[in-house]
Amino acid sequence: MTDAAADFLDDDHLHEECGLYGTYGHIDSAAHTALGLHALQHRGQESVGIVSYDGEQFHSQRALGLVGDNFSSEEVIKQLPGKSAIGHVRYSTSGDTALRNVQPLFSEFRFGGLAVAHNGNLTNSYAIRRTLIERGSIFQSTSDTETIIHLIARSEFGPVVDRLTDALTQLEGAYSLVALTQKKLIGARDPSGVRPLVIGRLGDAYIMTSETCALDIMGAKFVRDVDPGEIVIIDENGLHSLKPFTKVPRKFCIFEYIYFARPDSNIEGKHVYAIRKAIGRELAQESHVDADVIVPVPDSGVPAALGYSQESGIPFELGIIRNHYVGRTFIEPTAQIRNLGVRLKHNANLGMLKGKRVVLVDDSIVRGTTCIKIVEMVRAAGATEVHMRISSPPTTHSCFYGIDTPERDQLMAAQNDLARMAEIIGVDSLAFISLDGLYRAVGEERRDTEQPQYCDACFTGDYPIRLIDRDGGGMPKQLSLLTERD
Ligand code: SF4
């Protein structure tokens, strides 16, 4: 999506890059994978792919667009026979959306076929890719996931799990992945466990997926999270687990709890919705203001606004209504439509705002473009005061672990202090949850400054995994080119 389109859609959020689903041992594996990916659509809307194995050969279907637009017909599902399958939904930045990048990536090796789907971002993949290209490797995509495939192909080990372990040992960064061979479904999380991955069961079948909401959609049972640094192998003998990597402190992405994950998911033993409400309660304690209504910026601001309202005793009202049917038709609007200043996504609910002192609750401020428009809209609807409360700390740094973020010079909080931000946005007051408040909401006493319990680098600049490609110089923050020299 271009910036203009994102702006037009009032979409100023950070974007999750991917969602994963894999299943083993069910006759309807492709249909289940499509349903699971549909539940994970919030993790990526640009492309979708499924690879299945029917005991003799692999089958692959990949497309640009939403799951429902591509995998809802029986004809498509019939082309993906077999009792095992993996699938992937992906968000990508403009210019990088090409069919060749749609996952799962599938390759034939000496040992047979292998499909891989990956969520996250490898921080030394560019350096490795350059070396591999110099040694003669030919890359087919611009996805960093392909680096994993090349390393597996070149590994001197025999069995596929050893080859995968060998490849992952050479890579750094954030990854959760699922892979499919003729005989195995494999799942892995990076040693820091930045991105989520869970195990579920449906009857005798196994599932590995990004979030529990993808289990709920078909009544599958949650078994457990895949541990950081764990490789889980599922085959005809059941589930096996390996922990081959050097143990490092756990650094789950705290932003998953604030915004990325679906509120009905349960991640690492914590219910996302409950955490979002707890953030709202903390926010109310930290930055109370006398007001008449608490209004969420829908949908992502809703749980925190509920928590804020309950803690403050100020009524919760849906003062802004979101249109849920904004689809791809308007993603590239014409200049003529853009110039009308049409707000496709949000509209003020006049009766709830007129003559009121309003506290608006949202989850984050990235460039600030959405906030400005929403505040203007709320004031135009007759609010007498507008106070903004944000359920994340100020986003001051880019993410290098799989979330699409603008450069720092475009992050409003990296360029302005609080007073200036309030002025630009046009609010009477502005407050963000403190880092310690956020940590209290996720169940910690405070943020451990020596060894933070989570990755919170986009708020602190404290990157827990080395940024080898970036620090090597001249490297785009997310790998996107085959080679910079061609
Ligand atoms: Fe999550 Fe921010 Fe860390 Fe990226 S930098 S993994 S968005 S907490």
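Model, not experiment: these values are computed from the prediction. (Residues numbered from 1 in each chain as written. Predicted model: local features only at pLDDT ≥ 70, side-chain atom pairs only at ≥ 80, totals over all residues. Heavy atoms only, no water.)

Enquirer: Is there a simple way to explain the site of the ligand in this structure?
Expert: If you check the shell around the ligand, you find Val194, Arg195, Cys253, Phe255, Phe260, Cys399, Tyr401, Ile403, Cys455, Asp456, Ala457 and Cys458 and nothing else. Going through the elements one at a time, α9 (255-260) and α18 (457-460) are the ones with two or more residues in the shell around the ligand. Residues of the shell around the ligand, tallied by class, amount to 10 nonpolar, no polar and two charged. (Near = heavy atom within 4 Å. Helix = DSSP H or I, 4+ residues; strand = E, 2+ residues; numbered from the N terminus. Nonpolar A, V, L, I, M, F, W, Y, C, P; charged D, E, K, R; others polar.)

Enquirer: I tried to follow the sheet that holds strand β23 (residues 429-432) on my own but got confused; where do I start?
Expert: Strand pairing in a sheet relies on backbone hydrogen bonds. The paired strands run either parallel or antiparallel. As summarised here, the arrangement of the four strands in space is β17-β20-β21-β23, forming an open sheet in which the pairing is parallel. Edge strands, defined here as strands with exactly one partner in the open sheet, are β17 (293-296) and β23. On average, adjacent strands in this sheet sit at an angle of 20 degrees to one another, irrespective of strand direction. Where strand β20 (residues 357-362) lies against strand β21 (residues 385-390), six bridges are found, and the strand directions are parallel. Within β21, the residue paired with valine 359 across the bridge is histidine 387. (Pairing = 2+ DSSP bridges. Axes fitted to C-alpha atoms, helices over the stretch in contact; angles between N-to-C directions.)

Enquirer: What should I look at first to understand the pattern of salt bridges in this one?
Expert: Going through the model one piece at a time under the given rule, you end up with 19 salt bridges. A salt bridge links arginine 440 to glutamate 282, with the shortest nitrogen-to-oxygen separation between them at 3.0 Å. Note that arginine 440 is positioned in helix α17 (residues 435-441) and glutamate 282 in helix α10 (residues 272-286), a separation of 158 residues in sequence. Residue class for glutamate 282 comes out buried when judged on its relative accessible area of 13%. We note a salt bridge from arginine 379 to aspartate 428, for which the minimum N-O separation is 3.0 Å. Note that arginine 379 is positioned in helix α14 (residues 369-380) and aspartate 428 in the loop between α16 (418-425) and β23, a separation of 49 residues in sequence. Arginine 379 gets classed as partly exposed once you look at its relative accessible area, which sits at 30%. Here aspartate 428 falls in the partly exposed class, since its relative accessible area comes to 44%. Three or more residues joined by partner-sharing salt bridges are found here, namely Arg43, Arg195, Glu211 and Glu256. (Salt bridge = Lys/Arg side-chain N within 4 Å of Asp/Glu carboxyl O. Buried < 20%, exposed > 50% of the residue type's maximum accessible area, 1.4 Å probe, protein only.)

Enquirer: Can you walk me through the confidence of the model for the chain in this structure?
Expert: Caution applies to low-pLDDT regions: their predicted coordinates should not be interpreted in detail. For the chain, the average pLDDT comes to 90, and 89% of its residues sit at 70 or higher. Note on residues 1-8: pLDDT under 50 across the span, and 23 contacts to partners over four residues away in sequence or across chains. The model gives residues 474-486 a pLDDT under 50, and that stretch makes 36 contacts with residues more than four places away or in other chains. (pLDDT = per-residue confidence, 0-100. Contact = heavy atoms within 4.5 Å.)

Enquirer: In this structure, what is going on with the packing of aromatic side chains? I would like to understand it.
Expert: To describe a pair of aromatic rings, one takes the distance between the centres and the angle between the planes. All chains considered together, the criterion is met by 11 aromatic pairs. Relative to tyrosine 463, the ring of phenylalanine 400 lies with its centre 5.4 Å away and its plane at 70 degrees, an arrangement referred to as edge-to-face. Of this pair, phenylalanine 400 sits in the loop between β21 and β22 (403-404) while tyrosine 463 sits in the loop between α18 and α19 (468-471), and the two are 63 residues apart along the sequence. The residues phenylalanine 400 and tyrosine 463 share a single accessibility class, namely buried. Of the aromatic side chains, those joined through ring pairs into one cluster are Phe252, Tyr257, Tyr439 and Tyr454. One Lys or Arg, arginine 201, reaches over the ring of tyrosine 206 and ends 3.8 Å from the middle of that ring. (Phe/Tyr/Trp six-rings, centres within 6.5 Å; stacked < 30°, edge-to-face > 60°. Lys NZ or Arg CZ within 6 Å of the ring centre and 35° of its normal.)

Enquirer: Explain the packing of helix α5 (residues 125-134) against helix α6 (residues 145-154) here, please?
Expert: Axes are the key here: two packed helices are described by the angle between their axes and the distance separating the axes. Look at α5 against α6: their axes get within 10 Å of each other, and the N-to-C directions meet at 50 degrees. The angle between α5 and α6 places the two elements in the oblique class. In this structure, α5 crosses over α6, and the sense of that crossing is left-handed. Two secondary-structure elements touch here, α5 through Ser125, Ile128, Arg129 and Leu132 and α6 through Glu146, Thr147, His150, Leu151 and Arg154. Along the lines of polarity and charge, the residues of the contact of α5 with α6 split into three nonpolar, three polar and three charged. (Parallel < 35°, antiparallel > 145°, perpendicular 65-115°, else oblique. Left-handed = near helix turned anticlockwise from the far one by under 90°.)

Enquirer: Would you mind going over empty space enclosed by the protein with me for this structure?
Expert: Rolled over the atoms, a probe as big as a water molecule pinpoints where empty space is left. Here the structure, examined in full by the defined rule, presents three cavities of 30 Å³ or more. In this structure, the largest cavity occupies an estimated 90 Å³ of space. Together, 14 residues line the largest cavity, and Arg195, Cys253, Cys399, Cys455 and Cys458 are the ones closest to its centre. Elements with a minimum of two residues in the lining of the largest cavity: α9 and α18. Considering only residue class, the lining of the largest cavity consists of 12 nonpolar, no polar and two charged. (1 Å grid on protein atoms, 1.4 Å probe; cavity = no way out; pocket = protein on both sides within 12 Å on 5 of 7 lines; lining within 4 Å. Points joined across faces, edges and corners; volume = space filled by probe spheres on them.)

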